[in-house]
Amino acid sequence: MTFADPCLILLDCQRDQVTGPNGKVDPDNQAVIDRIGDLLRHARQSGWRVCHCQFQGEGSAAGRAPIDGLRPTAQEAVFKRRGLSAFSDPFFHQVLARSAGSSALLVGFSAPFSILATVFDDANRDKTLTVVPEAVGALAVEPRDVAETRSMAFDLVSRMAPTMSWDRLTQGWSSEMPAV
């Protein structure tokens, strides 16, 4: 798969979005962190535009810190928002407007909340975000575990937004991608 000037959007790649009540990262979410890390390295090496959109809710700033290995560089845009959707930041839509004619890939965490809210908002706009399901994680929403929560969220996401499988996305990267 090749892209013309793609944009990679990392949504809620923050510690509080992957650390469960036991203080640990679920193995499913660790696999997502690893995939996003691989994708982020490829995007940076390939000159893609990368932006980070972070939720700034209540709680400690330490918990809202970016996940190690997924921190933005000084050259990457960072949007801090209070609403669930990435579009709740008034400047986020400008990233997509500058991406006209190119792909915009959405990855990150908070599948049943921020990812879903962003996809809902995107459905009313001209730019289409493509979601990479294997690079999207979630915390468990009781009584569901992490895998069930992701599955429930993607039942809705895949009805409203295009998705691209990890295998299709990384096709042709095999010589560049580190083993996961």
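Since we're looking at a predicted model, the values are computed, not measured. (Residues numbered from 1 in each chain as written. Predicted model: local features only at pLDDT ≥ 70, side-chain atom pairs only at ≥ 80, totals over all residues. Heavy atoms only, no water.)

Undergrad: So what exactly am I meant to see when it comes to the overall build of the protein chain here?
TA: Scanning the protein chain from N- to C-terminus turns up 5 helices and 5 strands. In the protein chain, the share of contacts with a sequence separation of at least 24, taken over all contacts with a separation of at least 6, comes to 79%. As displayed, the protein chain has an accessible area near 8800 Å², and 51% of this comes from carbon and sulfur atoms. (Helix = DSSP H or I, 4+ residues; strand = E, 2+ residues; numbered from the N terminus. Contact = heavy atoms within 4.5 Å. Areas by Shrake-Rupley, 256 points an atom, 1.4 Å probe, with all protein chains shown as cover.)

Undergrad: What exactly am I supposed to notice about unusual backbone geometry here?
TA: Leave glycine aside and you will find that most residues have negative phi; peptide bonds, for their part, are mostly trans. Cis geometry marks the peptide bond from Glu 142 to Pro 143, where omega comes out at 10°. For Pro 143, the location among the structural elements is in the loop between β5 (129-136) and α4 (146-160). Unlike most non-glycine residues, Asp 12 shows phi in positive territory, near 55°. In this fold, Asp 12 is placed in the loop between β1 (7-11) and α1 (27-46). Not every positive phi belongs to a glycine, and Ser 110 is a case in point at roughly 70°. Inspection of the secondary structure assignment puts Ser 110 in the loop between β4 (104-108) and α3 (111-122). Note on Ser 110: relative accessible area 7%, which makes it buried. (Buried < 20%, exposed > 50% of the residue type's maximum accessible area, 1.4 Å probe, protein only.)

Undergrad: What's the story with the sheet that holds β5 in this structure? I'm lost.
TA: One open sheet holds the 5 strands; their spatial order is β3-β2-β1-β4-β5, and the pairing between them is parallel. Where the open sheet ends on each side, the last strands, each with one partner, are β3 (77-81) and β5. Taken pair by pair, the neighbouring strands of this sheet meet at an average axis angle of 25°, ignoring direction. (Pairing = 2+ DSSP bridges. Axes fitted to C-alpha atoms, helices over the stretch in contact; angles between N-to-C directions.)

Undergrad: Mind showing me how you'd approach the pattern of salt bridges here?
TA: Think of it this way: side chains of opposite charge can pair up when their charged atoms draw near. Within the structure shown, the criterion is met by 6 salt bridges. Within this structure, Arg 15, Asp 68 and Arg 71 form a network of salt bridges that share partners. (Salt bridge = Lys/Arg side-chain N within 4 Å of Asp/Glu carboxyl O.)

Undergrad: Where do I start with the packing of aromatic side chains in this structure?
TA: The geometry of an aromatic ring pair is captured by two quantities: the separation of the ring centres and the angle between the planes. Inspection of every chain in the model, using the stated rule, returns 2 aromatic pairs. Ring plane angle 85° and centroid distance 5.7 Å describe the contact between Phe 79 and Phe 92, whose orientation is recorded as edge-to-face. Linking Phe 79 in strand β3 with Phe 92 in helix α2 (residues 92-97), this pair joins segments that are 13 residues apart in sequence. By relative accessible area, Phe 79 is classed as buried at 9%. Given a relative accessible area of 0%, Phe 92 falls into the buried group. Here Phe 87 and Phe 92 contribute two aromatic rings whose centre-to-centre distance is 5.1 Å and whose plane-to-plane angle is 85°, an arrangement assigned as edge-to-face. Summarising the burial analysis for this pair, Phe 87 and Phe 92 share the class buried. An aromatic cluster is present here, built from Phe 79, Phe 87 and Phe 92 joined pairwise through their rings. (Phe/Tyr/Trp six-rings, centres within 6.5 Å; stacked < 30°, edge-to-face > 60°.)

Undergrad: Just to check I follow, could you spell out the pairing of β4 for this structure?
TA: Along any regular strand, the residues point their side chains to alternate faces of the sheet. Summarising burial for β4: 5 of the 5 residues are buried, a large majority. Here β4 shows no split at all, with Ala 104, Leu 106 and Gly 108 on one side and Leu 105 and Val 107 on the other all buried. Relative to β4, β1 runs parallel, the two being bridged by 5 bridges. Each bridged residue has a counterpart across the sheet, and for Ile 9 the counterpart in β4 is Leu 106. Strand direction decides the pairing type here: β4 and β5, joined by 4 bridges, are parallel. When the bridges of β5 are listed, Leu 106 appears paired with Val 131.

Such coordinate-based values are descriptive only and should not be taken to indicate function.
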